[in-house]
Amino acid sequence: MKKIYLFVLIFQIGFGLSAQNVSFTYESLNGISVASSACAVDMNGDFIDDVLTVQGTTITVYDMSGSLTATNEVFSISGMWNAPGWSIAAGDYNDDGYNDLLFGDSSSASFIKSDGDGYTFVSFPEYIFSQRTNFVDIDNDGNLDAFACHDVDQSHSYKNDGSGNMVLDLNFFPTLDVGGNYASIWTDYNNDGLVDMYLSKCRGGAPEGDPQRINLLYKNNGDGTFTESGEAANMNDGDQSWSTAFADFDNDGDMDAFISNISGTNKFMLNNGNGTFTNITGSTGINANDVGSWEVQAADFNNDGFVDIFSQMDYQLYLNNGDLTFTGQTLSSGEGGIGDFNNDGFLDFTSTNGVYFNTGNDNNWIKITVEGVESNRNGIGARIELHGEWGTQIREIRSGEGFSHMNSLNTYFGIGTSTEIDQLVVNWPSGNVDIVNNPQINETTHVVEGASLGITNIDFSDIEVFPNPAEKILTLLPTDGTIYESAIIYNINGKLVAYSKLPGKEIDVSALSSGTYILLVQDTEGKYLRTKFIKK
Amino acid sequence: MLYLLFPTTNFMKYFSAKSLLFSILIFTVISCSSDDSYIPIADDSVDISPVILDLETVPYPQLSDYNFFEGAIKNMDPVFGVLPYELGTSLFTDYAKKKRFLWMPENSSAEFDGSENILDFPTGTVLIKSFYYENVLPAHESKIIETRLMIKKETEWIFANYVWNEQQDAAVLDMSGQNIPISWNENGETRNVNYRIPSAAECMVCHKKNDVAYPIGPKPQNLNIEFSYDDVEQNQLQKLIDAGYLTNFPENLEETIKWDDASADYESRARAYLDINCAHCHSTGGHCDYVAIRLNLDELDLYNVGVCMEPISHFDGGPFVINAGNADASEMYLRMSTNAPDAMMPIMGRSVVHEEGVQLIKNWINAMESNCE
């Protein structure tokens, strides 16, 4: 950890302490108004973010295809009576290569299933005053499930039956049987590789301490169950929250949180690295008393390598100075759904009446697109790491951010003036890990789950092991003071067979059957080294 | 011969036959004098209301189980003890018409608890409100959609919603909520709504104060109007006293201005409208109490009502909640004029814009001197 902090310090000195301002140019979408639940996700499978709008029984997809001039395609959806009135989420829950949608409306939640040519409306009759909706693989079976916050009653969870059908089952992800559920953000807050959930809650008129207004943190137990752990984590805020942004604001390898409140004060909660958080709002330069923002999200708009805060506060942008302080910048345009519509590596956004294109700067960047195989196709729930001279940056692929929006499912990192990336790591929800060494900057890297482990790619040897073939104990070389954090073992078919939380140098392989294996070991900076070995 | 002065039999429901003669005599006296003081009769032989209410077992499965009405239930003819009433200004619910009644157990009465608070009702009180449309298409019939009860138990009010059947001869308890599409003809124009019958949880969004269930309508000022009891006009609060349902109310109590009273000024009408349509959430302890505006009638500071107040968070086109002199750039007006779920106000209880109500708010705001900056 100390090493990482040192990197942060160097980075700051290198680039100065004040963050670069961001500017946007506006372009209308032929006069069509975007629902305030903005959708900035690729809908046609080209991995370039589109803008999606809903009007009555039609959906319009503005295919940006990397150019500034949008072409649109209008889909008429038979029987659609629902709209994304309160929120929208996207994800390929029927696993056909095209993103489907989830509309959170004021009396129902509905799915809009794509097949690449058009859409089918799948409604549920059960009343729900929807707030934030998400696609997420709740039980980690490789299929996307769904969740919808309920303003006035217990929230709804939907289990994917594996054939692309959602089954409403409140016991699938059982939350408290009370209302006040505003925004669910699915994030791995304790770095155990499992996606947890933070629930922002608000209930006007409810007295202090009422469970309808106390934010909850559901820790994933890894067996399909979750345990509310907010008190231990210091995250049971009760100031009336509409949404919370999770990001690694200080690039120390864990998810921090910015809680946007409607009353009381906003809270910047620094992740202590041990599953607990500390309120450091007072030292961040963010106005804790500027309450009332429904929306809050995090993204690196100036590609300086530090994630900024995007909201409806008086400063719509709080630019990250890189030292856990922020500089406010007002935007006349408000906020919206975030994506890179012109594919220039700088994040744009879409809000009520058009698209705001980021004019960019000279900073370098990388865009990562993924395709899950064992995991859900979108890789929702994946943790992506980018290693380089800055240390480590992390992102998570999430469906449903802020209070209402659906942001890009692609992953964008800014790397400032750095010109080289050491390693890109994709930690899939399945437990699989894919590695790309030295990916190109200012380009897109596409990662298919397991592809970096495939038989054609195993001619790598980043680390030596002894003995090889091994019977019982495999020792990592060299035998100097180098420490490794963890080891992952795949079989020759790319199937994960063992995981060992070291730290250390020796791995017990006696339980493995005979054959050739791929070994990934993670060093203390989070980078992976790969080799193959033979079990006798 | 005197009986002919009271030709309708319905009158009998409110006063027992035995007390009628005395009432008539009193009526004769007060008709000829300016003395409005009226002392309720303590008469042991007063009829007993046939309403059936056991607080241990309510809510009953059927509306008819309470025996609130006699004859065909769809006529909603109240039995003895069930008093009809209206509100000076009532809440907009997708143009539904409403019939309201209240009932209290024998020998119990409500207390006046300040002009801005609902009456302090005794345990066992039932507030009854039926929602219906006239000229419902295709047959141009009246159709009752639902009857909502609020029943005051020992410690809390409970909700009970009864959904009417197609035959309009029964209404069944249903707390799960549902949508009913309705088309009807109003003044020669066809209107359509997807009427929402609320679930228990939805009821609680508006009907609460500090998260405790609470009626909204029966504030003394809002009841302080004349009502035609079978063609006999009488002040409703006085009527409650006469029926033994209210102990007293102050003589100088103000009367809520009717929102659609064209002879009244915009401000009084708009404030009455906001009070009944918005203040249950936009007041201390209400669902939206974290938003600074206070829309209850007794809020005297117009800034707190929203005049020149900045919205809690950015609202497109509305730099002020009420932009004095400019309704089109007022968050309040814009929210009331839209059906977009995340922008519309109120957030529930309507699926269409109340054109006439919104016009009133527009006129009120536009008539203000512009002074927001």
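This is a predicted model, so every value here is computed, not measured. (Residues numbered from 1 in each chain as written. Chains lettered and ligands numbered in written order. Predicted model: local features only at pLDDT ≥ 70, side-chain atom pairs only at ≥ 80, totals over all residues.)

(A) Spotlight on unusual backbone geometry. In the segment running from A:Asn468 into A:Pro469, the intervening peptide bond is cis, with an omega of 5°. Structurally, the position occupied by A:Pro469 is in the loop between strand 35 (465–466) and strand 36 (473–476). Note that the residue after B:Val58, namely B:Pro59, is joined by a cis bond; omega there is 0°. As for its position among the elements, B:Pro59 is in the loop between helix 2 (17–31) and strand 1 (69–70). Positive phi outside glycine occurs at A:Asn140, with the angle close to 50°. Checked against the element boundaries, A:Asn140 lands in the loop between strand 9 (130–136) and strand 10 (145–150). A positive phi angle is found at A:Asn438, which is not glycine, with a value near 50°. Within the secondary structure layout, A:Asn438 lies in the loop between strand 33 (433–437) and strand 34 (444–448). (Helix = DSSP H or I, 4+ residues; strand = E, 2+ residues; numbered from the N terminus.)

(B) Looking closely at the packing of helix 6 (residues 266–278) of chain B against helix 9 (residues 355–366) of chain B. All names here are of chain B. In the contact formed by helix 6 and helix 9, the axes pass within 9 Å of each other and the chain directions differ by 135°. Between helix 6 and helix 9, the angle falls in the class oblique. Crossing angle aside, the handedness with which helix 6 passes helix 9 is left-handed. Residues Tyr266, Glu267, Arg269, Ala270 and Tyr273 of helix 6 touch helix 9, and the partners they reach there are Gly357, Leu360, Ile361, Asn363 and Trp364. In terms of residue class, the contact of helix 6 with helix 9 is made up of six nonpolar, two polar and two charged. (Axes fitted to C-alpha atoms, helices over the stretch in contact; angles between N-to-C directions. Parallel < 35°, antiparallel > 145°, perpendicular 65-115°, else oblique. Left-handed = near helix turned anticlockwise from the far one by under 90°. Contact = placed C-beta atoms within 7 Å. Nonpolar A, V, L, I, M, F, W, Y, C, P; charged D, E, K, R; others polar.)

(C) Representation of the interface of chain B and chain A within the structure. On the chain A side, the residues contacting the 28 residues of chain B number 25 residues. Counting only elements with at least two residues in the side of chain B that touches chain A, the list comes to helix 3 (200–206) and strand 11 (208–209) of chain B. Sort the elements by how many residues they give to the side of chain B that touches chain A and helix 3 of chain B lands first, with four residues. Across the side of chain B that touches chain A, the residue classes break down as 11 nonpolar, nine polar and eight charged.

(D) Up close: the sheet that holds strand 1 (residues 24–28) of chain A. All names here are of chain A. Judged by pairing direction, the sheet is antiparallel, and its four strands sit side by side in the order 1-27-26-25 without closing on themselves. Of all strands in the sheet, those bounded by a partner on one side alone are strand 1 and strand 25 (337–339). Averaged over all adjacent pairs, the angle separating strand axes in this sheet is 25°, with direction ignored. With five bridges connecting them, strand 1 and strand 27 (residues 354–358) associate as antiparallel partners. In the strand pairing of strand 27, Tyr26 is matched with Tyr356. (Pairing = 2+ DSSP bridges.)

(E) Layout of the nonpolar core. Ranked by internal contacts, the top residues of the largest apolar core, which has 183 residues, are A:Cys39, A:Leu102, A:Phe135, A:Ala257, A:Leu519 and B:Ile361. Apart from the residues lying within four places of it in its own chain, the contact partners of A:Phe135 are A:Ala89, A:Ala90, A:Gly91, A:Tyr93, A:Leu102, A:Leu144, A:Ala146, A:Ile380 and A:Ser399. By size, the runner-up hydrophobic cluster in this structure holds 42 residues, among which are B:Leu63, B:Phe101, B:Leu127 and B:Ala160. (Core = buried A, V, L, I, M, F, W, Y, C linked by C-beta atoms within 7 Å. Buried ≥ 20, exposed ≤ 12 C-beta atoms within 10 Å, placed from the backbone.)

(F) Just the confidence of the model for chain A, in detail. Averaged over chain A, the pLDDT score is 90; the fraction of residues at 70 or greater is 93%. When the criterion is pLDDT under 50, residues 1–16 of chain A qualifies, and its contacts beyond four places in sequence or with other chains add up to 22 contacts. (pLDDT = per-residue confidence, 0-100.)

(G) Region of the structure containing the sheet that holds strand 38 (residues 496–504) of chain A. Residue and element names in this part refer to chain A. The four strands are arranged 38-37-40-41 in an open sheet whose pairing can be described as antiparallel. If you trace the sheet from one side to the other, it starts and ends with strand 38 and strand 41 (528–535), each paired once. The average angle at which neighbouring strand axes cross in this sheet is 20°, direction not considered. Note: strand 37 (residues 484–491) against strand 38, six bridges, orientation antiparallel. In the sheet register, Ser486 faces strand 38, and the bridge partner there is Lys501.

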